[in-house]
Amino acid sequence: MAELDDHFETADSGASVTYPMQCSALRKNGFVMLKSRPCKIVEMSTSKTGKHGHAKVHMVGIDIFSNKKYEDICPSTHNMDVPNVKREDLQLISISDDSFLTLMNESGDLREDLKVPDGDLGEQLRFDFENGKDLLCTVLKACGEECVIAIKTNTALDK
């Protein structure tokens, strides 16, 4: 018998980053892949069927990471990819000199691989943290990317 010498570096659930959903079942404020980017649907309209055609669904979505606008038109009976989006609230512990956040999840594990977000959100996060506020960062994860999309004051400590 030959010896099995299988060695696996990582172990994940093997879940796909997207799953199919019929175009007509998608809804506003839901998520969809537009131009290979995970987007939140902000506008949807359905056109009537033609003489020999399908009803078409016109979608406008905003990329959940870059905030770019994407549009697509798809027959309502066709499937579109929907990203598996995971949302998690993490407690902010510190901000390093090179703008990386130290975040802690509910089980006490630390993460130091996310940067301070750009723009107003990043400025607000730095300002509140420097003023001694205890903050929770909402991290959105989809398609192998993740970023901080929102911050809120941690009220659990007040109780």
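What you see is a predicted model, and the numbers here were worked out from it, not measured in a lab. (Residues numbered from 1 in each chain as written. Predicted model: local features only at pLDDT ≥ 70, side-chain atom pairs only at ≥ 80, totals over all residues. Heavy atoms only, no water.)

1. Some details on the sheet that holds strand β10 (residues 135–142)
Inference 1: Spatial ordering of the open sheet is given by β9-β8-β7-β10-β11, a layout of five strands whose pairing is antiparallel. Of all the strands in the sheet, just β9 (110–115) and β11 (145–153) have a single pairing partner and so form its edges. Taking each pair of neighbouring strands and ignoring which way they run, the sheet shows an average axis angle of 45°.
Inference 2: Bridging between strand β7 (residues 86–95) and β10 involves six bridges; their strand directions are antiparallel. (Pairing = 2+ DSSP bridges. Helix = DSSP H or I, 4+ residues; strand = E, 2+ residues; numbered from the N terminus. Axes fitted to C-alpha atoms, helices over the stretch in contact; angles between N-to-C directions.)

2. Remarks on the sheet that holds strand β2 (residues 31–34)
Inference 1: Judged by pairing direction, the sheet is antiparallel, and its four strands sit side by side in the order β2-β3-β4-β5 without closing on themselves. The open sheet has two edge strands with one neighbour each: β2 and β5 (69–75). Looking at each pair of strands side by side, their axes are set apart by 45° on average, direction ignored.

Bear in mind that shape data such as this cannot, by itself, settle questions of function.
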